[in-house]
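Close look at the chain arrangement
Here is how the chains run, residue by residue.
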Amino acid sequence: MSLVKWTLHELQERLTRGDVSATEIVRAYFLRIGVVEPKVNAYITLNEQEVVLSEAGALDDAMKTWRKTMPMMAMPIAVKDNLCTEGVPTTGGSRILKDFTPPYNATVVDELRAQRCFLMGKTNLDEFGMGSSTEHSAFGPSRNPWKLDYVPGGSSGGSAAAVAADECVAALGTDTGGSIRQPAACCGVVGLKPTYGRVSRYGLLAFASSLDQIGPITKDVRDAALMMNVLAGHDPKDATSADVPAPDFTRSLKKKDVKHLKLGVPREFFEEGLDPEVRDAVHAAVSVLEDLGGTTREVSLPHTGVAVATYYLVATAEASANLARYDGVKYGFRARPYADLADMYRATRQEGFGPEVKRRIMLGTYALSSGYYDAYYAKAQAVRTLIRRDFDRAFQDVDVLVTPVMPTTVFRLGDRADDPLQMYLSDLYTVSASLAGVPAMSLPCGFSHRGLPIGMQLVGRPFEEDVMLRVGRAYELATDWRKQRPLIR
Ligand code: GLN
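Below you will find a few notes about this structure. Per chain, residue numbering runs from 1 following the sequence as it is written. Reporting in this predicted model follows two pLDDT cut-offs: at least 70 for local features of residues, and 80 or more for side-chain atom pairs to be given and counted; totals over whole chains, interfaces and linings ignore these cut-offs and use all residues. With hydrogens and water set aside, each side-chain value is computed from the structure's full complement of heavy atoms.

Topic: the site of the ligand
Our working definition: The near set for a molecule or strand comprises every residue that places at least one heavy atom within 4 Å of it. Within 3.5 Å is the distance limit for a polar contact, defined as a pair of N or O atoms, with the added protein rule that one can donate a hydrogen and the other accept it, and that residues adjacent in sequence qualify only through two side-chain atoms. All amino acids are sorted into three groups, where Ala, Val, Leu, Ile, Met, Phe, Trp, Tyr, Cys and Pro are nonpolar, Asp, Glu, Lys and Arg are charged, and the leftover types, Gly among them, are polar.
The local shell around the ligand holds 15 residues, among which T176, G177, S179, Y311 and R360 are the closest. One nitrogen or oxygen atom from the main chain of G131 is found 2.9 Å from an oxygen atom belonging to the ligand. In terms of residue class, the shell around the ligand is built from four nonpolar, eight polar and three charged.

Rendered as structure tokens:
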């Protein structure tokens with residue numbers, strides 16, 4: 001089997017044993033990228049092979065004398081292109097940043113690089129993370145490695161597609177309302193959105209700051225735990241970073257069952273609008289978890305029905321403020337010619353932003369305007385508190401919630417691109433956990449009749465990613481979904 005098929009922990013074991021060298025890893029991955037990237041378009045910017053090879057050569061020399069390797073050493077990692085990388089262009093999927101090269105790394109990038117992993121490149125996304133299909137990218141859509149005329153999900157579609165197509169061993173994504181979980185589900189890989197505050201947001205191009213989180217997209221649950229070990233922790237550079245000690249996330253994986261855990265199935269997530277194929281796959285997964293010793297019970301999250309509306313008010317309001325900084329002065333792109341300063345601002349934003357970003361700036365500005373603030377923004381904040389309380393109440397009775405990730409199976413490229421409301425509705429099951437700030441992850445639980453992956457979502461108590469990971473790992477070991485791989489070559 002080619003080494004690009006291995007999970008991160010398998011690759012790591014082989015590197016530690018000396019079965020494979022860092023140079024061999026880099027060569028194999030660039031070869032793979034050369035073959036599949038023209039079809040998938042997972043990357044906006046690829047790192048130069050020569051640069052990575054020279055890093056690998058130095059590592060191989062050093063490893064002759066080092067006994068112990070670091071967990072991420074020589075691992076080929078891809079990073080979503082809304083995370084700052086020193087000296088490597090960071091576009092946010094937007095024309096307005098097409099010439100922007102940050103002078104510093106996001107904290108998460110620093111943490112990974114400190115372990116001597118390789119940065120393979122920067123992955124495609126919906127502009128500034130706004131979308132659910134990666135079609136709203138200024139650099140063309142990414143494609144689903146399982147079927148190229150289907151979307152890979154979004155907004156971290158490039159990261160999920162890169163992992164699924166073996167163009168990296170693991171990737172970083174970001175999730176504001178589902179953007180890690182949803183593309184992971186579409187591409188048949190694992191995606192974890194941590195508790196708000198668990199992972200530093202320093203160096204992330206802000207979309208909606210009270211919702212944005214960075215997390216791993218990986219080939220299996222064990223890899224997600226390994227990545228979380230590197231990413232989690234307090235960062236003084238991020239004022240919203242939580243000063244909560246991070247456990248060793250692989251410890252809870254030792255238990256290969258879910259005995260003594262109570263699993264909640266929220267009634268409102270299985271009502272009208274849920275595709276029967278998705279429903280059946282998630283129900284079957286719940287039965288597997290029962291066989292593994294978990295007790296399940298129905299719970300209620302009564303405000304689920306208003307979560308999408310609440311999310312699109314809060315997220316657009318914050319986006320309209322966050323995106324004010326792109327004015328043609330501070331970063332990247334400036335439209336020319338222009339008559340005066342105001343004209344320069346206008347022309348730059350007009351040409352630099354895509355239609356979805358403009359739509360959201362207008363929606364958000366409207367929701368925040370003085371005549372409408374109370375009716376929309378203040379109301380949405382109040383409802384957000386109710387949504388958070390729904391989760392608090394549910395977690396008094398159960399440890400982890402099990403739900404679908406998306407109401408439908410993966411859709412075709414172009415199917416929803418011109419219908420923003422349909423696109424927003426695909427976030428139905430992911431936005432609640434974002435509004436509540438609780439951790440959630442997506443993992444494969446089946447396939448549609450078209451052969452496209454279906455994902456299930458696990459939602460945990462704040463800062464209990466480890467419990468969620470234990471449930472996910474037990475499930476994945478009891479099933480074979482992760483062994484099925486896209487046939488793209
Ligand atoms: N699809 C949602 C949106 O468009 C979520 C995006 C995200 O999580 N970045 O806002």
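Some points on the packing of aromatic side chains
Operational definition: Only Phe, Tyr and Trp rings are paired, with Trp represented by its six-membered ring, and only when their centres lie within 6.5 Å; those with planes under 30 degrees apart are stacked, over 60 edge-to-face, the remainder tilted. Secondary structure elements are defined from DSSP: runs of H or I of at least 4 residues count as helices, runs of E of at least 2 residues count as strands, and each element is numbered from the N terminus. Only protein chains enter the accessibility calculation, which uses a 1.4 Å probe; a residue is then buried when its area is under 20% of its type maximum, exposed when over 50%, and partly exposed in between. Only when the NZ atom of a Lys or the CZ atom of an Arg is both within 6 Å of the ring centre and within 35 degrees of the ring normal do we say a charge sits over the ring.
For the structure shown, the criterion picks out 16 aromatic pairs. Plain terms: the ring middles of Y366 and Y376 are 5.9 Å apart, the flat faces sit at 45 degrees to each other, and that makes the pair tilted. Of this pair, Y366 sits in helix α11 (residues 355-368) while Y376 sits in helix α12 (residues 374-397), and the two are 10 residues apart along the sequence. Given the relative accessible area of 33%, Y376 is considered partly exposed. It is R14 that lies over the ring of W6; its NZ or CZ is 3.8 Å from the centre. Positioned over the ring face of F411 is R416, at 4.4 Å from the centre of the ring.

Description of the nonpolar core
Spelled out, the test is: Side-chain atoms within 4.5 Å are what join buried Ala, Val, Leu, Ile, Met, Phe, Trp, Tyr and Cys residues into a set we call a nonpolar core. Whether two residues touch is decided by their heavy atoms; if any such pair falls within 4.5 Å, the residues are in contact.
If you look at the biggest cluster of nonpolar residues, it comprises 157 residues, and the most contacted ones within it are I77 and F128. Looking at this core element by element, the count peaks at nine residues for helix α2 (residues 22-40). Contact partners of F128, with chain neighbours within four places excluded, come to G92, S94, I96, L97, L205, F207, L323, Y326, F353 and V357.

Considerations on a nonpolar patch on the surface
Rule in force here: Patch criteria: residues need more than 30% relative accessible area and no salt bridge. Like-charged residues are merged within 9 Å; nonpolar side chains of Val, Leu, Ile, Met, Phe, Trp and Tyr are merged within 5 Å. Surface accessibility follows the Shrake-Rupley procedure with a 1.4 Å probe radius. Residue values consider only the protein chains on display as shielding. The term salt bridge refers to a pairing of a side-chain nitrogen on Lys or Arg with a carboxyl oxygen on Asp or Glu at a separation within 4 Å.
Together, V329, L341 and Y345 give the surface a local cluster of nonpolar side chains, amounting to about 270 Å² of exposed area. Within the secondary structure layout, V329 lies in the loop between α9 (307-322) and α10 (341-352). Look at V329 and you get partly exposed, because its relative accessible area is 47%.

So, the pattern of salt bridges
Inspection of the entire model under this criterion finds 26 salt bridges. The salt bridge partner of K122 is D81, with a shortest N-O separation of 2.9 Å. Taken together, the residues span a long stretch of sequence, with K122 in strand β3 (residues 118-123) and D81 in the loop between β2 (76-80) and α4 (107-114) at a distance of 41 residues. Taking the shortest distance from any N to any O, the salt bridge between K219 and D166 comes out at 2.5 Å. Placement of the pair is K219 in the loop between β6 (213-218) and α7 (221-231) and D166 in the loop between α5 (157-164) and β4 (170-175), with a sequence separation of 53 residues. Exposure class is identical for K219 and D166. Each is buried. Counted as one network, the salt bridges with shared partners bring together K5, D166, K219 and R485.

Some details on α4
For α4, the set of buried residues is T107, V108, V109 and L112. Against the buried residues of α4 lie β2, β4, β6 and α7.

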